[in-house]
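# Close look at the chain arrangement
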There are 4 protein chains.
Amino acid sequence: MTTHVIVLNGASSSGKSGISRCLQAVLPDPWLALGVDNMVEALPASLQASEKGIEFSPDGAVNVGSAFMALDVAWTAGIAAMARAGARVIVDDVFLGGAGSQQRWQKALTGLNVLWVGVRCDSKVAAGREIARGDRPQGMAALQAEVVHQGVVYDLEVDTTHTEALVCAQTIAAHVT
Amino acid sequence: MTTHVIVLNGASSSGKSGISRCLQAVLPDPWLALGVDNMVEALPASLQASEKGIEFSPDGAVNVGSAFMALDVAWTAGIAAMARAGARVIVDDVFLGGAGSQQRWQKALTGLNVLWVGVRCDSKVAAGREIARGDRPQGMAALQAEVVHQGVVYDLEVDTTHTEALVCAQTIAAHVT
Amino acid sequence: MTTHVIVLNGASSSGKSGISRCLQAVLPDPWLALGVDNMVEALPASLQASEKGIEFSPDGAVNVGSAFMALDVAWTAGIAAMARAGARVIVDDVFLGGAGSQQRWQKALTGLNVLWVGVRCDSKVAAGREIARGDRPQGMAALQAEVVHQGVVYDLEVDTTHTEALVCAQTIAAHVT
Amino acid sequence: MTTHVIVLNGASSSGKSGISRCLQAVLPDPWLALGVDNMVEALPASLQASEKGIEFSPDGAVNVGSAFMALDVAWTAGIAAMARAGARVIVDDVFLGGAGSQQRWQKALTGLNVLWVGVRCDSKVAAGREIARGDRPQGMAALQAEVVHQGVVYDLEVDTTHTEALVCAQTIAAHVT
């Protein structure tokens, strides 16, 4: 039973992108890495800062509107189609809707073998990394730390608080079949 | 008959990305903008400079290998699925294989209404813009200028040599239904 | 009389960065290219969006405060010192204070041979390029188009409205001694 | 005795940039952050991959030539002048020449109060972070890990192997006067 998709879910600054790149390096096959950041960059500029699209408050809150949600459904369907067409895909996402977000992905990925991975990081440590990276509003990591995992069911969880991205990736890779 | 996908094909530095962003700004509906650059960035780092993946020579030549081509088929299928799921999508691509590249997209986009747009730019002017942008190997624009259009059939063509990206976008937008 | 510094002054989206990269390519000696964007990126994140630092309004207005101005004086002195230490430097800047901004640079660059270049672009064309590049608030180009040139004295002016960056660079290079 | 300049020296992927941004956040005054990456980006494209400029081998080796070295002397003089003009500056650098690199900076910074900080990271951990960040040739971190500290004298050293950038920055900040 081949793993078709690896879904990494975690709060902003929890370390998903680094794990994703390390997974690409340690897994023997080539995997595409795509994430919610790519979807946001594909939006019209006008939707990248609007009520209908996605809004980032200075305090780190993120709100998404109707146009974003409609396009996100299509984006998700597209990722699923890539996997069905033979690409192995690592998805990194932020389940702002917790269990509801997972159900949306489950529906899109029907029939595919998915490895669900929770990426945790101590909220204070993530807040520090948010300052160190310098490209995210301060507060986003803390606001998302708990909510994105609420009701979500994982095959495994990793925690980047004291574990390097590469080591987390090796742990995850051991579950890929 | 609603246009589902706009495909912009042109050589490196012909102005596709700028036209794509302008299209997103002038078209009344929200359109996703995705291109071959996004696909390349989604590849494992090891494939971004290898014979099996994609290689950029210092003289601007681009070669793609078996792993790239397999993932590209899946990427194309994914874009088509996004459009079928309701997203309107602007694709920018470089048809290194000319007519063959178009046939691959036509197959993937079966049943969708596609506006095929050729983006031209005088080869010398494009070579100058390549220097001005500073992030592409010199020579790529000139090498690709003709070959990407060979045998390709368009609904319309625009030329950025003397026409601004926004004006090209307005011309294209007038053909979107 | 060797030219030590080339100062390119123009509004946002008038094409300064492209000209700067082309100048580096066409001038036989190596020139460093530094600009106000580099200075802003060197600021603490907290000053990149604050009254004391620099603020970018959604309508494209730019305001700078006391902390920005103090650091900008030091930045300018540093650029001058690089030139005095033997580096040839292309500076690109936006003279939000018009003649006053030029006087500040003149004072810092005392004793150095400076080529003052005005970079113009039709306001409507620049506004279109602002959309095409996608990384500047819409309106900035138009707001700055006139004000940055008020009272400023140039050795030569170039206009990117109908002239490519590379051609502008060649014109400027002909004045470099 | 006010600290004018903080010099962070460490190998690639040791965590200097993150510490620098955290220092800007925790220090009460505004500090400019500038580093060798900014200097490289200011070079003509032709020097960013040439024997006379700077060359990055696929194995992570870095070589610098005569043109690079001449411009680097001027860059260093410019940073010193910024500090003398009142800007407090955090410099991050990679002392490829070990003690010789430090002497060059000491000469440029004569008369200024400098806090010399060594940034260490276990070579294996840094190699993992190099994969996770994805924008550096693999091997650079390991190649530089020891050589950049050879003969260099510090006021304090921090080690990012098990300590977060923010905590390292707080340690450093306690030594800033």
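To keep things clear, this report deals only with the structure shown in the data block. Keep in mind the model is a prediction, meaning the values are calculated, not measured. Chains are numbered independently. Their residues run from 1 in the order of the written sequence. All chains are assigned letters beginning with A, and all ligands numbers beginning with 1, in the order in which they are written. Reporting of local features is limited, given that this is a predicted model, to residues whose pLDDT is at least 70; pairs of side-chain atoms are given and counted only at 80 or more, and all residues count toward the totals for whole chains, interfaces and linings. In computing side-chain values, all of the structure's heavy atoms are included and hydrogens and water are not.

## A short note on the arrangement of the chains
Using the following cut-off: We call two residues in contact whenever any of their non-hydrogen atoms come within 4.5 Å of each other.
With no contact between them, chain A and chain C keep their nearest C-alpha atoms 7 Å apart. With no contact formed, the shortest span from any C-alpha in chain B to any C-alpha in chain D equals 7 Å.

## As for the pairing of strand S5 (residues 88-93) of chain B
Residues and elements named next belong to chain B. Quick reminder of the rule: Burial classification: accessible surface area is computed with a 1.4 Å probe over protein chains only, and a residue below 20% of its type maximum counts as buried, one above 50% as exposed, and the rest as partly exposed. Every helix listed is a DSSP run of H or I at least four residues long, and every strand listed is a run of E at least two residues long, numbered separately from the N terminus. Strands were regarded as paired on the criterion that DSSP finds at least two bridges between them.
In terms of burial, S5 is a largely internal element, six of the six residues being buried. Both faces of S5 are covered, namely the face carrying Arg88, Ile90 and Asp92 and the face carrying Val89, Val91 and Asp93. Here strand S1 (residues 5-10) runs beside S5; their pairing, made up of five bridges, is parallel. Opposite isoleucine 6, over in S5, you have isoleucine 90 as the bridge partner. Sheet topology places strand S2 (residues 31-35) next to S5; five bridges connect them, and they run parallel. Each residue of the ladder has a partner; that of glycine 35, found in S5, is aspartate 92.

## Remarks on the interface of chain C and chain B
Which entries qualify depends on this criterion: Here the quantity called buried area is the accessible surface, traced with a 1.4 Å probe, that two parts lose on coming together, added over both. Salt bridge, as used here: a side-chain nitrogen of Lys or Arg that lies within 4 Å of a carboxyl oxygen of Asp or Glu. Pairs of N or O atoms within 3.5 Å make up the polar contacts considered here, provided that, within protein, one atom can donate a hydrogen while the other can accept it, and that residues adjacent in sequence are counted only when both atoms are side-chain atoms. When residue character is reported, Ala, Val, Leu, Ile, Met, Phe, Trp, Tyr, Cys and Pro are called nonpolar, Asp, Glu, Lys and Arg charged, and the others, Gly included, polar.
At the interface, 16 residues of chain C touch 16 residues of chain B. Between chain C and chain B lies a buried interface of about 1000 Å² when both sides are counted; carbon and sulfur atoms form 63% of it. The largest per-residue losses of area from chain C upon contact with chain B belong to Ile131, Ala132 and Glu164 of chain C, which jointly make up 43% of the total buried on that side. Summed over the shared surface of chain C and chain B, the number is two salt bridges. Notably, a salt bridge pairs glutamate 164 of chain C with arginine 129 of chain B, separated by 2.8 Å at the nearest N-O pair. Linking chain C to chain B there are six residue pairs in polar contact (both at pLDDT 80 or more). Listing elements by their share of the side of chain C that touches chain B, those giving two or more residues are helix H1 (16-26), helix H5 (123-133) and helix H7 (165-173) of chain C. By residue class, the composition of the side of chain C that touches chain B is seven nonpolar, five polar and four charged.

## Remarks on the relation of the copies chain A and chain B
We apply this condition: The copies are overlaid by a least-squares fit using only the C-alpha atoms of residues whose pLDDT is at least 70 in both copies.
With an RMSD of 0.0 Å, the operation that places chain A on chain B is a rotation of 180° combined with a shift of 0.0 Å along the axis. On the angle and the small slide along the axis, the relation comes out as a two-fold axis. Taking C-alpha positions as reference, the residue of chain A nearest the rotation axis is glycine 78 of chain A, located at 2.1 Å. Residue by residue, 100% of the interface of chain A is reproduced at the interface of chain B, so both copies engage with the same surface.

## Some words on the pattern of salt bridges
According to the stated counting rule, one finds 28 salt bridges over all chains in the structure shown. A salt bridge links aspartate 72 of chain D to arginine 104 of chain D, with the nearest nitrogen and oxygen atoms 3.0 Å apart. With a gap of 32 residues between them, aspartate 72 of chain D in helix H3 (residues 66-84) and arginine 104 of chain D in helix H4 (residues 99-108) connect regions that are remote in the sequence. Aspartate 72 of chain D gets classed as buried once you look at its relative accessible area, which sits at 12%. Given a relative accessible area of 29%, arginine 104 of chain D falls into the partly exposed group. One network of salt bridges, with partners in common, ties together Asp37, Arg133, Asp135 and Arg136 of chain A.

## Observations regarding the sheet that holds strand S1 (residues 5-10) of chain A
Residue and element names in this part refer to chain A. Note the cut-off: Only the contacting stretch of a helix is used when fitting its axis, a line to C-alpha atoms as for every element, and angles between N-to-C directions run 0 to 180 degrees.
Across the sheet, five strands lie side by side as S2-S5-S1-S6-S7; this open sheet has parallel pairing. The two strands at the open ends of the sheet, each matched to only one other strand, are strand S2 (31-35) and strand S7 (156-159). Mean inter-strand twist for the sheet, computed between neighbouring axes without regard to direction, equals 20°. Strand direction decides the pairing type here: strand S6 (residues 114-120) and S7, joined by four bridges, are parallel. The residue bridging glycine 118 from the neighbouring strand is glutamate 157, located in S7. Lying on the sheet, helix H3 (residues 66-84) is in contact with S1, S2 and strand S5 (88-93); it crosses S2 at an angle near 175°.

## Looking at the relation of the copies chain C and chain B
Each copy superposes on the other: chain C lies on chain B with an RMSD of 0.0 Å after a rotation of 180° and an axial shift of 0.0 Å. A shared binding surface is used by both copies, with 100% of the interface residues of chain C retained as interface residues in chain B.

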